[in-house]
Amino acid sequence: MAVDKPELVNPNGLPMPAKDVQIVKDGGVPTVADIDPARLTVKLSTSLKEIPPTDDLVFGDMMTDHMLLMTFSPSTGWSAPEIKPYGPLSIEPSASCFQYCPNVFEGMKAYLGPDGQPRLFRPHMNMARMKRSAARVALPAFDTDALLVLIKKLIAVDARWIPRAKGCSLYVRPTIIGTRPGFGVTASCANAILYVLLSPTGPFFKVPAGISLLAVGEHVRAWPGGTGGYKLALNYAPGFEPQRAALEKGYQQILWLLGEKVLEAGAMNVFVVYKRDDGDVDVVTPSLDGTILPGITRDSALTLLAAHPEATSLPHLSNRMRLHTHERDITMPELFAASESGRLLEVFSVGTAAVVTAVSRIGWKDREIKLPAYGGSEIGPVAKALWERLVDIQEGRVEWQGWSVRCE
Ligand code: PLP
């Protein structure tokens, strides 16, 4: 059935050029194919790589044997998904991904459960965030459940790569890039490639102690109305030079500020623990006002902290102590004042890569906060408890609210 001047939309609801659309459903509503796991083809590698010892793993350096790949075109929608040997992509040099960066990605991890089955941690949240990020840069939408089915299949194919040691895992990197050829500064919804890579990983930071942060206000990562709340590739490159400069000054990561307001630590969400007069503690993290990435570890941390001690008891923390969680602004003067009055107990950052990382010192404008040490360790009790409980849930030793999802 032919359609005259149809109202054309891709799965994202974005208009598309009429000439590009050929598929017309019954009733004359033009549409294109969504991701369909039933169309998956699998081509296995004939030369499998040697897996390095866990101790030699550097985050993100080594890819497994296979990848998942599919393309989006306006005339046919999402192509039949392929699992195939890891290898280069063929992309036009004029493609929009190289010119204007309509690129989004996710970071997830697969763990081996005690039953030997691979597991993912709250993967539906990653899929939902990826769809939101894609929509922000006018990339095509997709069926998030269908993509998750395919990611699980890819993990099953490369399951031998999942490290067994505690705190180690297989990092999963779903990515969508806009591939519309040409220099037009317009939406890339016409063409895209979606691919998923896997990379074995040990603990993200190899320091047993906490990390040091340099609070930076002159370079800004995110601002009201900007894109900090989305996982877009374009949010990261502007941090490379400030990060290099921070390293030169002796700090491992940047504490991103907006004015004097704390946003994030490197590519992680930040938490601060304050002592209260009643013996409990306040655990504070910046609220999701659009300048903060809505981290899945952040959400999990808030839930677990608030559940202590009634719904779950966090390891080694007193059941008499309550952890009062707050999502609100944190400022640098507030941190210095709390440090000087002895109320600042812990600062830690959370994210998929490192799970929970204690902060040992924070530099700002030639001043420095030194966080307290706990029995010779720079990891405070709240950060430690959270790390232990999260890793136990992720690796399937503790069941909590269905967060750990088996790849069946
Ligand atoms: N903030 C930024 C900027 C990130 O890139 C990440 C990592 O994805 C996070 C926070 C933590 O998010 P999640 O816990 O979902 O990994």
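1. Considering the site of the ligand
- Near the ligand there are 14 residues, and of these Lys231, Tyr236, Glu264, Thr297 and Thr352 occur at the shortest range.
- The side chain of Lys231 places a nitrogen or oxygen atom 2.7 Å from an oxygen atom of the ligand.
- Mapped by element, the contributors of at least two residues to the shell around the ligand are β13 (268–275) and α5 (296–307).

2. Quick word on a nonpolar patch on the surface
- Taken together, Tyr100, Phe183 and Val185 make up a surface patch of nonpolar side chains, about 350 Å² in accessible area.
- Tracing the sequence through the fold places Tyr100 in the loop between α1 (96–99) and β5 (103–105).
- The exposure class assigned to Tyr100 is partly exposed, which follows from its relative accessible area of 36%.

3. Quick notes on the pattern of salt bridges
- For the structure on display, the rule yields 21 salt bridges.
- Two residues, Asp115 and Arg406, come together in a salt bridge whose shortest N-O distance is 2.8 Å. With a gap of 291 residues between them, Asp115 in the loop between β6 (108–112) and β7 (118–121) and Arg406 in strand β19 (residues 404–406) connect regions that are remote in the sequence.
- Residue classification places Asp115 among the partly exposed positions, given a relative accessible area of 39%.
- The exposure class of Arg406 is partly exposed, given its relative accessible area of 32%.

4. Observations concerning the pairing of strand β10 (residues 211–216)
- The buried count for β10 comes to 6 of 6 residues, which makes it a mostly enclosed element.
- Side-chain alternation along β10 places Ile211, Leu213 and Ala215 on one buried face and Ser212, Leu214 and Val216 on a second face that is also buried.
- In the sheet, β10 pairs with strand β17 (residues 355–364) via 4 bridges, with the strands oriented parallel. Bridged to Ser212 within β17 is Arg361.
- Here 4 bridges tie β10 to strand β11 (residues 253–258), and the two strands are oriented parallel to one another. Paired with Leu214 across the strands is Ile254, a residue of β11.

5. Description of the confidence of the model for the protein chain
- Summary statistics for the protein chain give a mean pLDDT of 91 and a share of 91% for residues scoring 70 or more.
- Under a pLDDT of 50 for its full length, residues 1–28 has, in the predicted model, 47 contacts with residues more than four places off or in other chains.

6. Details of a negative patch on the surface
- The grouping of Asp34, Asp36, Asp143 and Asp145 at the surface amounts to a negative patch.
- Counting through the fold element by element, Asp36 comes out in the segment before β1 (41–42).
- Judged by its relative accessible area of 30%, Asp36 falls in the partly exposed class.

Reading guide: rules and limits
- Sequence order as written defines residue numbering, which begins from 1 separately in each chain.
- Local features in this predicted model are restricted to residues whose pLDDT is 70 or higher, and side-chain atom pairs enter the listing and the counts only when it is 80 or higher, whereas totals over whole chains, interfaces and linings include all residues.
- Side-chain measures were taken over the full set of non-hydrogen atoms in the model, leaving aside hydrogen atoms and water.
- Whether a residue is near a molecule or strand is decided by its heavy atoms; if any one of them lies within 4 Å of it, the residue is near.
- Residues adjacent in sequence count toward polar contacts only when both atoms are side-chain atoms; beyond that, a polar contact is any pair of N or O atoms within 3.5 Å, and within protein one must be able to donate a hydrogen and the other to accept it.
- The numbering of helices and of strands both runs from the N terminus, where a helix is a DSSP run of H or I of at least 4 residues and a strand a run of E of at least 2.
- Here the term patch refers to residues with relative accessible area over 30% and no salt bridge, with like charges joined within 9 Å and nonpolar side chains (Val, Leu, Ile, Met, Phe, Trp, Tyr) within 5 Å.
- What sets the accessible areas is the Shrake-Rupley method with a 1.4 Å probe; for residues, cover comes only from the shown protein chains.
- Just to be clear on terms, a salt bridge is a Lys or Arg side-chain nitrogen sitting within 4 Å of an Asp or Glu carboxyl oxygen.
- The classification of residues rests on relative accessible area computed with a 1.4 Å probe and restricted to protein chains. Under 20% of the type maximum is buried, over 50% is exposed, and intermediate values are partly exposed.
- Note on pairing: DSSP must find at least two bridges between two strands before they are called paired.
- Each residue carries a pLDDT score, the predictor's own confidence in it, on a scale running from 0 to 100.
- Contacts between residues were defined by any pair of non-hydrogen atoms, one from each residue, lying within 4.5 Å.
- His residues and chain termini do not enter the charge count, which takes Lys and Arg as positive and Asp and Glu as negative.
- The location of each charge is read from NZ of Lys, CZ of Arg, CG of Asp or CD of Glu.

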